[in-house]
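Structural overview for review
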Amino acid sequence: MLHIFLLAHLLQSSFAQVSGPDYNPPDASNGLTKTSGGSVPNPQWSNLLGNLLWFYDAQRSGALGPDNRVPWRNDSSLNDGKDAGVDLSRGWYDAGNYIKATFPLSWTLTSLSWSAIDFGHGFSISNQDRYLDSTLRWGYDWLINAHPSANELFVQVATDNDDDFYWGGDQGIPTNRPSFKIDMNNPGTDAAASTAAAFAAGAYLYNGGGSLLNDAYSSTTLKNTTYADILLGHAKDLWTFSRQANQKIYSDSVKEAQSTYPSSGLADSLVFSSLWMYLATNDNSYLSDAKTLFNSNDVMGKTVVANWDSKYPAVYVLAAEMEKKGIDVGGSGVSEGERWCDSANAAGGAISYTSGGLVWWEGDSQAASLNPALNAAQLCLRMSQLSSNDGKKSTYVAFSNRQTNYALGENDMNVPYVVGQHPNSPLNPHSALAAGGNDPNNIDSSPPQEAYVLYGGVVGGPDQKDRYFDIRSDWPETEIALDYQAPLVALAAYYTINNASDPFYVSLAQGSKVVPEGQPTDAAFPGGSGGGGGGLSSGASAAIAVVVVVVVLAGAVLYHLSPSFLAQFY
């Protein structure tokens, strides 16, 4: 079946199929401009959404083509995949360096498609449909190439050893960039299922599927049934691959992923994928799988963080959306979604709050504090429209607003943590592409000032004391990454529809940015007094940030499948 879809795909362009006006980020000083009309779309929310999508253009790899909007970017990594006889040249660089990784990418694409499904009208009224389409196609087209046959999926390009000791622009990237795959002999249940979910979410979107939250939020501008069929073909094959191959964590098969993006389990990816597969196909066999998976002890009752390696909270909210649409997933979606959002709103266990109000997951937030908070904000914002309890609705709205406002400047530093959005925004994101340097041992001074503004880049975020040092080598705070962006895209699209008031950063005075005393105390600066810092992290900087998450997770057995769980399918 797959070759048919690949042939059909030759007729498709990797570039946007939707027209619209040009958009390029305004200068950061525009973030000081107050708006006065009191109507939607508020131009500041529209600009924020536009900048967030522009960031994905800045991270592109391969031949950039005629729609390149980033004047300082060049064609790069044109030989990626040639060692394996496939074209993996395009796609995105995952974070501050130059690795490509399918497992976190699949989560990012699912999240972006889910945002377009639930809040598509926000992209339309802000004139970002064209760039949403281009962004999604750039990612999905790479995944299509990474899945050259039914039981074969490339999951990584380059390694931390190849990538980590280069600090320079896109024209000098080391050429030793091996490709790594899973197949029937070296399976990866989680990566295959997660990528199937991404393809299925895209298929649902491009087939014209409406918002799962509110019909008024829907947009069919991106509808393209030919492209939807291509994506669905890949989703079906990968779902079957994930079920028929030996059940195994992909990073146990691809050892090189253990130092970049290791997985800690299978259950979350399987159930998340089965839900999306049903939505994309309306095939009850997938719904039957979803019910069995969702209502197991391996899935229910968790209070874990939401991210690319922990999809349980997203499972609860997606199941709640489906229940509200009259789809029976076992009757626990709304209750599980509420339970999880209630836990995020109440300190206890691994969850606490900084004095400034940022929700904090111990063992996860240390690596990139804003990512868990923004993922929670966009999930609980959805739950605010699904709960039948008015008290919970208002609590979830307040929680989501607080986390979003914190990220946009309502914090102790007076910093909107989006590069180029405001004069107080971070100036030194950990990005080899944007920095313009060449000395991996002294990246804070190579060069002293970032060469290019990486508009829209969401940085890792502050520490547990609400301090942000804006030091380029302090990758836990200053790293940018594809998945860091994704939840704020959802939130910005929602507020573009629903909020006529300016984002919080507009109220910040230029020059009010607070510079904390001392040094960071984190994995890049152990001890906080001159230990570490100045150069690249040991191992890929983006990778180590997520490795920290996996290593310190208490009770990691919760993420692994029990024998009884697997036995349900054999």
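Think of each chain on its own: its residues are numbered from 1, step by step along the sequence as written. Two thresholds apply to this predicted model, a pLDDT of at least 70 for residue-level local features and 80 or more for giving and counting side-chain atom pairs, whereas whole-chain, interface and lining totals are computed over all residues. The side-chain values count all of the structure's non-hydrogen atoms but skip hydrogen atoms and water molecules.

**Details of the state of the cysteines**
Cysteine sulfur pairs qualify as disulfides if the two atoms are within 2.5 Å. One pass over the full model with this rule turns up one disulfide. Put simply, Cys-341 and Cys-380 are joined by a disulfide, and their sulfur atoms are 2.3 Å apart. The S-S bond linking Cys-341 to Cys-380 shows a torsion near -110 degrees; that makes this disulfide left-handed. Here the residue Cys-341 occupies a position in helix α12 (residues 333-345), and Cys-380 occupies one in helix α13 (residues 370-384), the gap between them amounting to 39 residues. Taking the relative accessible area as the measure of exposure, Cys-380 reaches 0% and is therefore buried. Numbering of helices and strands runs from the N terminus, with a helix taken as a DSSP run of H or I at least four residues long and a strand as a DSSP run of E at least two residues long. Think of it in three bands: residues with accessible area under 20% of the maximum for their type are buried, residues over 50% are exposed, and the middle band is partly exposed, with areas taken using a 1.4 Å probe on protein chains only.

**A word on the confidence of the model for the protein**
Should pLDDT be low for a region, the predicted coordinates there are not to be read in detail. For every residue, the pLDDT score states the predictor's confidence, bounded by 0 at the bottom and 100 at the top. Mean pLDDT over the protein: 91, with 89% of residues reaching 70 or higher. What makes two residues a contact is simply this: any of their non-hydrogen atoms within 4.5 Å. Residue range residues 1-13 is modelled with pLDDT below 50. Its contacts to residues more than four positions away, or to other chains, number 26 contacts. Within the model, the stretch residues 537-570 combines pLDDT values under 50 with 82 contacts to residues more than four positions away or in other chains.

**With respect to the packing of helix α2 (residues 43-58) against helix α4 (residues 129-146)**
Between α2 and α4, the shortest axis-to-axis distance is 10 Å and the interhelical angle comes to 35 degrees. As α2 packs across α4, the resulting crossing turns out to be left-handed. Between α2, through Leu-53, Tyr-56 and Asp-57, and α4, the contact on the second element is made entirely by Tyr-131, Leu-132 and Thr-135. The class makeup of the residues in the contact of α2 with α4 is four nonpolar, one polar and one charged. For helices, the fitted line uses only the C-alpha atoms of the stretch in contact; every axis is such a line through C-alpha atoms, and the angle between N-to-C directions lies from 0 to 180 degrees. By definition, any crossing whose near helix is turned counterclockwise from its far helix by less than a right angle is left-handed, and any crossing with a clockwise turn is right-handed. Ten residues, namely Ala, Val, Leu, Ile, Met, Phe, Trp, Tyr, Cys and Pro, are considered nonpolar, four, namely Asp, Glu, Lys and Arg, are considered charged, and the remaining ones, Gly among them, are considered polar.

**Observations regarding the pairing of strand β2 (residues 152-157)**
Moving residue by residue along a regular strand, the side chains alternate between the two faces of the sheet. Where burial is concerned, most of β2 is hidden: six out of the six residues are buried. A pair of strands is labelled paired if DSSP reports no fewer than 2 bridges between them. Bridge count for strand β1 (residues 100-101) against β2 is two bridges, and the pairing is antiparallel. Across the sheet, the residue bridging to Ala-101 is Gln-156, located in β2. Sheet topology places β2 next to strand β3 (residues 179-183); five bridges connect them, and they run antiparallel. Looking at the pairing, Val-157 lines up with Ser-179 of β3.

**Section: the sheet that holds β2**
If you trace the three strands from one edge of the open sheet to the other, you get β1-β2-β3, paired in antiparallel fashion. Two strands lie at the open edges of the sheet, namely β1 and β3, each paired on one side alone.

**Considerations on the pattern of salt bridges**
Oppositely charged side chains can form a pair if their charged atoms are brought close together. Salt bridge criterion: a side-chain nitrogen from Lys or Arg within 4 Å of a carboxyl oxygen from Asp or Glu. Across all of its chains, the model carries 21 salt bridges by this definition. Here Arg-73 makes a salt bridge to Asp-170, at a shortest N to O gap of 2.6 Å. With Arg-73 in the loop between α2 and β1 and Asp-170 in the loop between α5 (160-163) and β3, the pair connects residues that are 97 residues apart, well separated along the chain. The buried category is assigned to Asp-170, whose relative accessible area is 7%. One salt bridge connects Glu-152 with Lys-181, and the closest N-O pair in it is separated by 2.7 Å. Pair noted here: Glu-152 is in strand β2 and Lys-181 is in strand β3, with a separation of 29 residues, a long-range link.

**Structural notes on the environment of Val-317**
Considering the arrangement of structural elements, one finds Val-317 in helix α11 (residues 312-324). Separated by 17 residues in the primary sequence, Val-317 and Val-334 have C-alpha atoms spaced 7.2 Å apart. In this view, Val-317 contacts Trp-114, Leu-379, Arg-382, Met-383 and Leu-386; residues no more than four positions away in its chain are not counted.

**Focus on α2**
Residues three or four positions apart in an α-helix share a direction because the helix packs 3.6 residues into each turn. Expected helix span is given by 1.5 Å per residue-to-residue step, counting one fewer step than there are residues. The first and last C-alpha atoms of α2 sit 22 Å apart over 16 residues, in line with the 22 Å expected at 1.5 Å per residue. Most of α2 is tucked away: 15 of the 16 residues are buried. As used in this structure description, the phrase polar contact means that two N or O atoms lie within 3.5 Å; if the pair is within protein, one of them must be able to donate a hydrogen and the other to accept it, and residues adjacent in sequence are counted only when both atoms belong to side chains. Between the side-chain oxygen of the N-cap and the backbone nitrogen of Gln-44 there are 2.7 Å, and the N-cap of α2 in question is Asn-42.

**Side note on the nonpolar core**
Only buried residues count toward a nonpolar core. Its members are Ala, Val, Leu, Ile, Met, Phe, Trp, Tyr and Cys residues joined through side-chain atoms within 4.5 Å. Counting residues in hydrophobic clusters, the biggest one holds 171 residues, and the most contacted among them are Tyr-140 and Trp-276. Here the element with the most residues in this core is helix α6 (residues 189-206); it accounts for 13 residues.

**What to know about the side chain of Arg-73**
Exposure remark for Arg-73: the relative accessible area of 4% places this residue in the buried category. Here Ala-58 takes part through its backbone oxygen, which lies 2.8 Å from a polar atom of the side chain of Arg-73. Engagement of the side chain of Arg-73 in a polar contact is seen with the backbone oxygen of Arg-60, the distance being 2.6 Å. Dropping the residues within four chain positions of it, Arg-73 is found in contact with Asp-57, Ala-58, Gln-59, Arg-60, Leu-64, Asn-68, Tyr-93, Asp-170 and Leu-433.

**Some words on the packing of aromatic side chains**
Pairing of aromatic rings covers Phe, Tyr and the six-membered ring of Trp, with a centre-to-centre limit of 6.5 Å; geometry is then stacked below 30 degrees between planes, edge-to-face above 60, and tilted otherwise. Under the defined criterion, the tally for this structure stands at 24 aromatic pairs. With a centroid separation of 6.2 Å and an interplanar angle of 55 degrees, the aromatic rings of Trp-114 and Phe-272 are classed as tilted. Here Phe-272 lies in helix α9 (residues 267-281) and Trp-114 lies in helix α3 (residues 102-125), a separation of 158 residues in the sequence. With respect to class, Trp-114 is no different from Phe-272; both count as buried. Pairwise contacts between aromatic rings join Trp-45, Phe-119, Tyr-217, Tyr-494 and Tyr-495 into one cluster. A ring is considered to have a charge above it if a Lys NZ or an Arg CZ atom is located within 6 Å of its centre and within 35 degrees of its normal. It is Arg-69 that lies over the ring of Tyr-131; its NZ or CZ is 3.7 Å from the centre. In this structure, Arg-137 is placed above the aromatic ring of Tyr-227, and the distance from its NZ or CZ to the ring centre is 4.2 Å.

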